[in-house]
Amino acid sequence: MLLLLFALPGLYILYLRYNAGRKESVLRFSSIETVTRAVAGRQGAWRRHLPFALMAAAVAMAAVAMADLQVPVVAADVSPDTRNGRSISIVLDVSESMSATDYAPSRLDAAKQSITRLIQGSDPRDYVGVILFETGATTASYLTDNKQKASEAVMSIGQSGGATAIGDGLALGVDMAISIPDRRGVVILLSDGVHNSGQITPQEAVEYAQRAGVQVHTVGIGSVEPAFVKNDVFGQPQYAELDEETLAYIANATGGRFSKSLDEQALGGTLDEIGAALGREVGYQSVSDWFVASSLALLASAMYTIYGRYRIVA
């Protein structure tokens with residue numbers, strides 16, 4: 001619809017040609033002195049062109065109105081699906097690297113405590129579910145509005161010894177987030193590793209989230225110094241590696257936010273911020289009515305200048 005604005009230069013060219021033709025007709029039956037006196041005296045050049053300017057502005061406002069421009073609105077209830085509450089799917093990495101003890105008492109235990117606090121502080125209308133991923137992905141707690149039940153499911157999660165299937169976990173989290181109609185789906189994904197397992201790549205999972213309209217917030221669990229996990233079969237130390245680039249890509253591509261924590265306090269604060277942000281949902285509100293009203297006002301003004309008491313005679 002905004003392409004209609006390109007019609008304005010064409011209208012202006014037609015207007016110039018129209019005026020040129022009228023001036024030639026006037027000169028056949030009058031004199032230059034008469035025309036000059038009339039223009040400079042009662043009306044003036046700007047008044048003669050005022051009706052066209054008003055009409056052109058009205059056309060521009062109408063084109064913008066038909067484009068249905070929208071502005072961001074920050075509010076707790078911005079659309080029907082948020083008034084019904086949200087479906088929050090928490091996707092937690094339980095791979096072997098989450099056993100690292102650089103977070104007290106361990107990365108997994110620190111994550112469980114922070115997630116429990118997020119669940120308890122969520123909106124009563126929200127449903128919360130938990131997905132776990134390591135070599136594959138599984139459901140630890142289905143969507144429920146029973147926050148106590150969900151919290152107990154989180155605290156009962158045990159440490160795994162598998163790899164890191166971020167794509168599988170994210171895809172299953174998106175499935176959960178869209179399982180209840182008419183609710184906004186949100187995924188919160190926590191990981192401290194690099195995708196190295198599973199059937200679905202992170203890119204494929206992101207495409208699925210985009211098609212489903214699900215926003216994904218990602219939290220990277222890392223530390224200042226490399227976190228020791230174990231010695232391999234050759235006695236070489238193995239350290240946890242955080243793939244910040246992939247986690248940032250997932251968040252940015254789905255309209256979420258990526259955060260990195262360095263200790264258990266930062267992790268808790270990050271999840272608290274995400275929980276607070278969910279209560280300030282950003283939606284979009286159409287402003288087309290304002291442009292429709294402006295277009296009608298400009299049309300009325302143009303009609304008045306042409307036919308009103310102080311009408312302009314070109």
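Refer to the structure presented above.
Here the residue numbers are simple positions, counted from 1 along each chain's written sequence. Given that this is a predicted model, residues contribute local features only at a pLDDT of at least 70 and side-chain atom pairs are listed and counted only at 80 or more, while totals for whole chains, interfaces and linings are drawn from all residues. Note that the side-chain values use all heavy atoms of the structure and ignore hydrogens as well as water.

Enquirer: Can you walk me through the overall build of the protein chain in this structure?
Expert: Numbering goes from the N terminus for both helices and strands, where a helix is a DSSP run of H or I of at least four residues and a strand is a run of E of at least two. What the protein chain contains, in helices and strands, is 11 helices and 10 strands. Within the span of the protein chain, comprising 314 residues, buried residues form 39% of the whole. Between two residues, a contact is recorded if the distance between any of their heavy atoms is within 4.5 Å. Within the protein chain, counting contacts between residues at least 6 apart in sequence, those at least 24 apart form 81% of the total. Per-residue and other accessible areas follow the Shrake-Rupley method at a 1.4 Å probe size, with only the shown protein chains counted as cover for residues. Carbon and sulfur atoms provide 58% of the accessible area of the protein chain, an area that totals close to 16700 Å². Buried residues are those whose accessible area, probed at 1.4 Å on protein chains only, stays under 20% of the maximum for their type, while exposed residues exceed 50% and partly exposed ones sit between those limits.

Enquirer: Help me understand the nonpolar core in this model?
Expert: A general tendency of soluble globular proteins is for nonpolar side chains to be buried together. We call a set of buried Ala, Val, Leu, Ile, Met, Phe, Trp, Tyr and Cys residues a nonpolar core when their side-chain atoms join them within 4.5 Å. Of all hydrophobic cores here, the largest spans 27 residues; its most connected members are Ile90, Leu92, Ile115, Ile188, Leu190, Leu267 and Leu271. For this core, the leading source of residues is helix α5 (residues 107-120), giving six residues. Beyond its immediate stretch of four places on either side in the chain, Ile115 contacts Ile90, Leu92, Val154, Leu190 and Leu271. In this structure, Val91, Ile131, Leu143 and Met176 belong to the second largest nonpolar core, which totals 19 residues.

Enquirer: Can you walk me through the sheet that holds strand β6 (residues 215-221) in this structure?
Expert: Picture the strands of a sheet paired through backbone hydrogen bonds; they go either parallel or antiparallel. Here, strands pair whenever DSSP counts at least two bridges between them. Strand order in the open sheet made by the six strands is β4-β3-β2-β5-β6-β9, with mixed pairing throughout. The open sheet terminates on both sides in strands that have one partner only, identified here as β4 (137-144) and β9 (258-261). Adjacent strand axes in the sheet meet at a mean angle of 15 degrees, parallel and antiparallel pairs treated alike. Summarising the sheet, strand β5 (residues 184-191) and β6 pair through six bridges and their orientation is parallel. Paired with Val186 across the strands is Gln215, a residue of β6. Here the axes come from fitting lines to C-alpha atoms, over the contacting stretch only for helices, and the angles between their N-to-C directions go from 0 to 180 degrees.

Enquirer: Looking at this structure, I do not really get the packing of helix α8 (residues 202-212) against helix α9 (residues 244-253). What am I missing?
Expert: Helix packing for two helices is described by the angle between their axes and how far apart those axes are. Orientation of α8 relative to α9, taken along the N-to-C sense of each, is 15 degrees, at an axis distance of 10 Å. Relative to α9, α8 is oriented roughly parallel. The two elements α8 and α9 cross, and the hand of that crossing is right-handed. When α8 is examined against α9, the residues Pro202, Gln203, Val206 and Gln210 are found in contact with a partner set consisting of Thr246, Tyr249, Ile250 and Ala253. When residues are grouped by polarity, Ala, Val, Leu, Ile, Met, Phe, Trp, Tyr, Cys and Pro land in nonpolar, Asp, Glu, Lys and Arg in charged, and all others, Gly among them, in polar. When grouped by side-chain class, the residues that make up the contact of α8 with α9 number five nonpolar, three polar and no charged. Reported orientations rely on four angle classes, namely roughly parallel under 35 degrees, roughly antiparallel over 145, roughly perpendicular from 65 to 115, and oblique for the rest. Helix crossings fall into two classes, left-handed where the near helix is turned counterclockwise from the far one by less than a right angle and right-handed where it is turned clockwise.

Enquirer: Got a minute to help me understand the pattern of salt bridges in this structure?
Expert: Pairs can form between side chains of opposite charge once their charged atoms are near each other. Salt bridges, as used here, are contacts in which a Lys or Arg side-chain nitrogen is within 4 Å of a carboxyl oxygen on Asp or Glu. Scanning the model with the defined rule gives nine salt bridges in all. A salt bridge links Arg117 to Asp272; its shortest N-O distance comes to 3.2 Å. Placement of Arg117 in helix α5 and of Asp272 in helix α10 (residues 264-278) is noted, with a sequence separation of 155 residues between them. What makes Arg117 partly exposed here is its relative accessible area of 43%. Among the salt bridges present, the one from Lys260 reaches Glu244, with a minimum N-O distance of 2.8 Å. Of this pair, Lys260 sits in strand β9 while Glu244 sits in helix α9, placing them 16 residues apart in sequence. Given the relative accessible area of 37%, Lys260 is considered partly exposed.

Enquirer: Got a minute to help me understand the pairing of strand β8 (residues 237-240) in this structure?
Expert: The side chains of a regular strand alternate, residue by residue, between the two faces of the sheet. Pairing analysis gives four bridges linking strand β7 (residues 227-231) to β8, with the strands arranged antiparallel. Within β8, the position partnered with Lys230 by the bridge is Gln238. In textbook terms, the turn of a hairpin is the stretch between consecutive antiparallel strands, and for β7 and β8 this stretch comprises five residues, one of which, Gly235, has a positive phi near 80 degrees.

Enquirer: Looking at this structure, how should I read the pairing of strand β3 (residues 127-133)?
Expert: Most of β3 is tucked away: six of the seven residues are buried. Alignment of strand β2 (residues 86-93) against β3, held across seven bridges, turns out to be parallel. Along β3, the bridge assignment pairs Ile90 with Val130. Here a crossover is taken to be right-handed if, once the strands point away from the viewer, the path from the first strand over the helix to the second is traced clockwise. For the crossover from β2 across α5 to β3, the handedness is right-handed. Pairing analysis gives five bridges linking β3 to β4, with the strands arranged antiparallel. Bridging from a neighbouring strand, Val128 pairs with Thr144 of β4. Linking β3 back to β4 in an antiparallel pair, the connection comprises three residues.

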